[in-house]
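Structural overview for review
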Amino acid sequence: QVQLVESGGGLVQPGGSLRLSCAASGFTFSNYAMSWYRQAPGKERELVATITRAGGTTNYADSVKGRFTISRDNAKNTVYLQMNSLKPEDTAMYYCYAYIGWRYWGQGTQVTVSS
């Protein structure tokens, strides 16, 4: 079955960095675009970044452009989100997402940006 398992979240000070990982299994990873979403308390889930199957094209929410980088390693079935210059407003649960005939989500990893 399809599984998406996120890791790498934690507590970081403003201006710091984190790297999230999402390990995928149960499908042919290289055949599908992958995305990261986030959801802050009391807010709707929002799209953060998307990467195409071979990684040639990426897209970002305006709020993270220039600070976050999505990438993937198809040999490792893993997608990453490098987050730099983190701000308190980046605090959220971050989810890995794939559409494989159905919407699949990971369990999420918490990112907290606070001094």
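See the structure above.
A brief structural summary. (Residues numbered from 1 in each chain as written. Predicted model: local features only at pLDDT ≥ 70, side-chain atom pairs only at ≥ 80, totals over all residues. Heavy atoms only, no water.)

Brief notes about the pattern of salt bridges
- Applying the stated rule across the entire model yields four salt bridges.
- Residue Asp-62 pairs with Lys-65 through a salt bridge whose shortest N-O separation is 3.1 Å.
- Judged by its relative accessible area of 66%, Asp-62 is exposed.
- Linked by salt bridges that have partners in common, Arg-38, Glu-46, Arg-67 and Asp-90 make up one network. (Salt bridge = Lys/Arg side-chain N within 4 Å of Asp/Glu carboxyl O. Buried < 20%, exposed > 50% of the residue type's maximum accessible area, 1.4 Å probe, protein only.)

Digging into the pairing of strand 7 (residues 68–73)
- By the alternation rule, side chains of strand 7 split into Phe-68, Ile-70 and Arg-72, which are all buried, and Thr-69, Ser-71 and Asp-73, of which none is buried.
- Of the strand pairs in this sheet, strand 7 and strand 8 (residues 78–83) are connected by six bridges, and their pairing is antiparallel. Its bridge partner lying in strand 8, Arg-72 is registered against Val-79.
- Turn length for the strand 7-strand 8 hairpin, with the two strands adjacent in sequence and antiparallel, is four residues, and the turn residue Asn-77 shows positive phi of about 55 degrees. (Helix = DSSP H or I, 4+ residues; strand = E, 2+ residues; numbered from the N terminus. Pairing = 2+ DSSP bridges.)

A closer look at the sheet that holds strand 1 (residues 3–7)
- Taken in spatial order, the four strands line up as 1-3-8-7 in an open sheet, and their pairing is antiparallel. Where the open sheet ends on each side, the last strands, each with one partner, are strand 1 and strand 7. Strand after strand, the sheet turns through a mean of 15 degrees between neighbouring axes, direction not considered.
- Bridge count for strand 1 against strand 3 (residues 18–25) is five bridges, and the pairing is antiparallel. Its bridge partner lying in strand 3, Val-5 is registered against Ala-23. (Axes fitted to C-alpha atoms, helices over the stretch in contact; angles between N-to-C directions.)

Focus on the nonpolar core
- Within the largest apolar cluster, 30 residues are counted, with the highest numbers of intra-cluster contacts made by Met-34, Trp-36, Val-79, Leu-81, Met-83 and Tyr-94.
- Looking at this core, the elements with two or more residues in it are strand 3, strand 4 (34–39), strand 5 (46–51), strand 7, strand 8, strand 9 (92–99) and strand 11 (109–113).
- In this structure Val-79 touches Leu-20, Ser-21, Cys-22, Phe-29, Met-34, Trp-36, Ile-51, Ile-70, Ser-71, Arg-72 and Cys-96, once residues within four positions along its chain are discounted. (Core = buried A, V, L, I, M, F, W, Y, C linked by side-chain atoms within 4.5 Å. Contact = heavy atoms within 4.5 Å.)

A few points about the pairing of strand 4
- Among the six residues in strand 4, five count as buried, and that is most of the element.
- Where strand 4 lies against strand 5, five bridges are found, and the strand directions are antiparallel. For Trp-36, the partnering residue across the bridge sits in strand 5 and is Ala-49.
- Here strand 4 folds back onto strand 5, and the loop between the two strands holds six residues, one of which, Gly-42, carries a positive phi near 80 degrees.
- Note: strand 4 against strand 9, five bridges, orientation antiparallel. Looking across to strand 9, one finds that Ser-35 is bridged to Tyr-97.

Looking at the packing of aromatic side chains
- Scanning all chains against the criterion turns up six aromatic pairs.
- Relative to Trp-105, the ring of Tyr-95 lies with its centre 6.3 Å away and its plane at 85 degrees, an arrangement referred to as edge-to-face. Here Trp-105 lies in strand 10 (residues 103–105) and Tyr-95 lies in strand 9, a separation of ten residues in the sequence.
- Its relative accessible area of 32% is what places Trp-105 among the partly exposed residues.
- Each member of the aromatic cluster is reached from another via a ring pair, and the members are Tyr-37, Tyr-95, Tyr-97 and Trp-105.
- Stacked on the ring of Tyr-95, the Lys or Arg Arg-45 has its end atom at 3.8 Å from the ring centre.
- Over the aromatic face of Phe-29 sits the side chain of Arg-72, whose NZ or CZ is 4.3 Å from the ring centroid. (Phe/Tyr/Trp six-rings, centres within 6.5 Å; stacked < 30°, edge-to-face > 60°. Lys NZ or Arg CZ within 6 Å of the ring centre and 35° of its normal.)

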